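Structural characterization, general
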Amino acid sequence: MNRHLHKNIDSTEKVNPFLNSSIDEWINYHTLYNYYTNFTSKEIKQSVRNKMLYGCGNTSLHYSTGQMAGTVKEPMYFRYCPNCFEEDIQVNGETYWRTYHQLPSVFICLKHSVLLVDSSILIRQGNSSYFYSNIENSLEKGNKSDVSKVNFDLLRHFAVESSNLNQKDYKFDQLNLLEIYHYLLDREGYVKSNGTIDQRRLEEDFIKKFKVDFLILMQSFPSGVEGQCWLRAITRKHRKSFHPVRHLLFIYFLGESVDTIEQYANKRYSPFGEEPYLCLNPAAEHFLQPVITNLKVTRCYDTKRPVGTFSCACGFVYSRKGPDKTEEDKTNIGRIKMLGDTWLSKLHQLVEIEQLSYKACSKILKVDTKTIIKYSKQRNSKPMNKENHIKSDLKQKWLDLINQYPILSRTELRKKDPSLYMRIYRNDKEWLKEHSPVVKVNRVTNKRVDWVQRDLHILGMVKKAVEDISAKEKPVRITVSSIGKMINNKSLLEKRVNKLPNTMKYIESVKENTTNFQKRRISWAIDQLKDEELEVWKIMRKAGISERFYSGLEIEIKRQIISAKQKF
């Protein structure tokens, strides 16, 4: 494009003076066509191209690309780079508008790394046949975007991404972007074990990565109620189009770019690679062979890392945290969950047939000595009869113990000789049951309760509990349940309501409904944020209040903000 700018080129004949290139090259490289259609369907792309070529169709380009429905607005004025302008005048004697400078996600010139400046020419003139022939006289406005608080490297990255998006046809319509996004979210640990996305953590990390000022500059702060937050919507079924800025932000957050994201098409995230997996049972003939096809993946509650549980047909089950990054990782065991019959049989052979030491067995079976000792004594072998299964002298010791302490119960006798008890219990549970003292049933005399006195006593405890709950650093809702837990007698307050009239009357006077508790949490959150700039979204998040309650609490939040500012 040169100094003669023409809007709404609708046919080849109208651009004959500039036809050093084909009309398709003009659309692809000198308009915003690719930028606004790369994330749309093939049908929409073709419709937009036809509209640009022939002016056909019942809707405008902005409606076709979804710009009118979005909250990301294009720049009001044409923008330019002062350095580019000087170079153009010196070299060519004239200047022109750079296409990518007009993108809403671009704020710097890639050639000179300086901030773009607004001209005095409106991008939308309201006249489809508008011509402007003297650019030099339009560069008076000179307003720079306020990006003083924004990371310059981020601005440069998104300028590069936006320029690439505008110059290339990425054919994203042939990919299932939602599947790619889910794959990358799973890779980054945002998909829960039940397959849903941890939206709360995603939003928190998203804001933390970009910072509020940058997201506001990009007109893409993830706010709004459940169905209106673009960040949540872009991770779900795409029922509507999203502005390219938001795709670029989300792709960057997931650690990728417009040039790399295509490689993840049709991929399923496998933090432990593809099956089959190695069996790590040293007792099996297939030790270190890829024979396991049964893998269950969950998430670590603390680290959010994937945890794989590998179950082999030999009975050996083990787990470890992922993802696997090297070949060595595939041979690591985080925890053995089940040893299995193959392992136990090998242990029996080593201990009882080959009569190796526990230490030698531990080296062969790759477990510690305590595990060898434990399982060697718990080997599943059935005795020929009870007398062979357990030595008679052990039984006699137990009988002697009963005679020595005739009034003690079975539990009390166990405490006298725990080792003896456990040896008999593990090997002959039925004999032990038959030769133990009969359980004595203690008859409890029914004692009548003075409920008047107890009501007064509980009332004192409840008042103290309410004081303790109110004094907690983080607000806890005052309810019958929370008071009951505090006095360690929840069932009394729930089941003996009619026996405690004074106590229940007091509880009814102090317990909080949802609205009152939310107001108290808002007050607490404002107090916690007093050293920061008080913003509604910050207060809602700090107070832990869901977005669906915002409309009912908006006035209260603003009232408390004003009160707090006067106080501080």
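Residues numbered from 1 in each chain as written. Predicted model: local features only at pLDDT ≥ 70, side-chain atom pairs only at ≥ 80, totals over all residues. Heavy atoms only, no water.

Along the protein, the regular secondary structure elements total 26 helices and 10 strands. Taking all 568 residues of the protein together, the buried fraction comes to 39%. Surface accessibility of the protein: about 33,900 Å² in total, with carbon and sulfur atoms responsible for 48%. (Helix = DSSP H or I, 4+ residues; strand = E, 2+ residues; numbered from the N terminus. Buried < 20%, exposed > 50% of the residue type's maximum accessible area, 1.4 Å probe, protein only. Areas by Shrake-Rupley, 256 points an atom, 1.4 Å probe, with all protein chains shown as cover.)

Two elements in contact, helix α24 (residues 514-528) and helix α25 (residues 536-543), have axes whose closest approach is 8 Å; the angle formed by their N-to-C orientations is 115°. Judged on the interaxial angle alone, α25 and α24 are roughly perpendicular. Crossing angle aside, the handedness with which α24 passes α25 is right-handed. Counted together, Arg 521, Ile 522, Trp 524, Ala 525, Ile 526 and Gln 528 of α24 and Ile 539, Lys 542 and Ala 543 of α25 form the full contact between these two elements. Of the residues in the contact of α24 with α25, the class split is six nonpolar, one polar and two charged. (Axes fitted to C-alpha atoms, helices over the stretch in contact; angles between N-to-C directions. Parallel < 35°, antiparallel > 145°, perpendicular 65-115°, else oblique. Left-handed = near helix turned anticlockwise from the far one by under 90°. Contact = heavy atoms within 4.5 Å. Nonpolar A, V, L, I, M, F, W, Y, C, P; charged D, E, K, R; others polar.)

Any two side chains of opposite charge can pair, on the condition that their charged atoms come close. Applying the stated rule across the entire model yields 20 salt bridges. For Arg 49, the salt bridge identified is with Asp 24, shortest N-O distance 2.9 Å. With Arg 49 in helix α3 (residues 42-54) and Asp 24 in helix α1 (residues 23-30), this pair connects stretches of sequence that are 25 residues apart. The salt bridge involving Glu 256 is made with Arg 187; its shortest N-O contact spans 3.1 Å. In this pair, Glu 256 is assigned in the loop between α11 (244-253) and β5 (277-278) and Arg 187 in helix α7 (residues 177-187), connecting sequence segments 69 residues apart. You can call Arg 187 partly exposed: its relative accessible area is 25%. Several salt bridges share partner residues, and in doing so they unite Lys 45, Asp 169 and Lys 171 into one network. (Salt bridge = Lys/Arg side-chain N within 4 Å of Asp/Glu carboxyl O.)

It is worth spelling out the packing of aromatic side chains at this point. Taken as a whole and assessed by the stated rule, the structure comprises 23 aromatic pairs. An angle of 85° between the planes, with centres 5.0 Å apart, marks the rings of Tyr 35 and Tyr 36 as edge-to-face. Judged by centre distance (5.8 Å) and plane angle (45°), the ring pair of Tyr 190 and Phe 253 falls under tilted. Here Tyr 190, found in the loop between α7 and α8 (199-210), pairs with Phe 253, found in helix α11; they are 63 residues apart in sequence, far enough to count as distant. (Phe/Tyr/Trp six-rings, centres within 6.5 Å; stacked < 30°, edge-to-face > 60°.)

The next thing to look at is the environment of Leu 122. Considering the arrangement of structural elements, one finds Leu 122 in strand β3 (residues 117-122). Judged by its relative accessible area of 34%, Leu 122 is partly exposed. Along the primary structure Leu 122 and Pro 75 are separated by 47 residues, whereas in three dimensions their C-alpha atoms are 8.8 Å apart. When residues no more than four places from it in sequence are discounted, the contact partners of Leu 122 are Met 76, Tyr 77 and Phe 78.

Further remarks concern the side chain of Thr 95. With respect to the helices and strands, Thr 95 occurs in the loop between α5 (82-92) and β3. Residue classification places Thr 95 among the buried residues on the basis of a relative accessible area of 4%. Polar contacts involving the side chain of Thr 95 include one to the side chain of Asp 88, which spans 2.8 Å. (Polar contact = N/O pair within 3.5 Å; in protein donor to acceptor, adjacent residues only side chain to side chain.)

Where helix α6 (residues 152-167) meets α11, the closest approach of the two axes is 11 Å, and the angle between their N-to-C directions is 120°. With respect to their mutual orientation, α6 and α11 come out oblique. Read as a crossing pair, α6 and α11 show a hand that is right-handed. The residues of α11 that touch α6, namely those facing Leu 154, His 157, Phe 158, Glu 161, Ser 162 and Leu 165, are Pro 244, Leu 248, Leu 249 and Tyr 252. Of the residues belonging to the contact of α6 with α11, the class tally is seven nonpolar, two polar and one charged.

This part covers the environment of Tyr 264. Tracing the backbone shows Tyr 264 in the loop between α11 and β5. Note on Tyr 264: relative accessible area 10%, which makes it buried. Note: C-alpha distance between Tyr 264 and Leu 175 (89 residues apart in sequence) is 9.4 Å. Other than its neighbours up to four places away in sequence, Tyr 264 contacts Ile 180, Tyr 183, Leu 184, Arg 187 and Glu 256.

A separate point is the confidence of the model for the protein. Scored by pLDDT, the protein has a mean of 82; 83% of the residues are at 70 or more. The low-confidence segment residues 1-11 (pLDDT under 50) makes 38 contacts with residues lying over four places distant or belonging to another chain. Contacts from residues 380-390, a stretch scored under 50 in pLDDT, to residues over four places away or in other chains number 13 contacts. (pLDDT = per-residue confidence, 0-100.)

A word on unusual backbone geometry. Look at the link from Glu 275 to Pro 276: it is a cis peptide, with omega at 0°. Position of Pro 276 relative to the elements: it lies in the loop between α11 and β5. For the bond running from Gly 322 to Pro 323, omega is 0°, close enough to zero to count as cis. Assignment of secondary structure puts Pro 323 in the loop between β9 (317-321) and β10 (335-338).

The biggest cluster of nonpolar side chains holds 60 residues, and the ones touching the most others in it are Phe 172, Phe 206, Phe 210, Phe 214 and Leu 249. Those elements giving two or more residues to this core turn out to be α2 (33-37), α6, α7, α8, α9 (212-217), α10 (230-234) and α11. Each residue touching Phe 210, except ones within four places of it in the same chain, is listed here: Leu 154, Phe 158, Leu 215, Leu 249, Tyr 252 and Phe 253. Counting residues in hydrophobic clusters, the runner-up holds 22 residues, among them Phe 272, Ala 283, Leu 350 and Ile 372. (Core = buried A, V, L, I, M, F, W, Y, C linked by side-chain atoms within 4.5 Å.)

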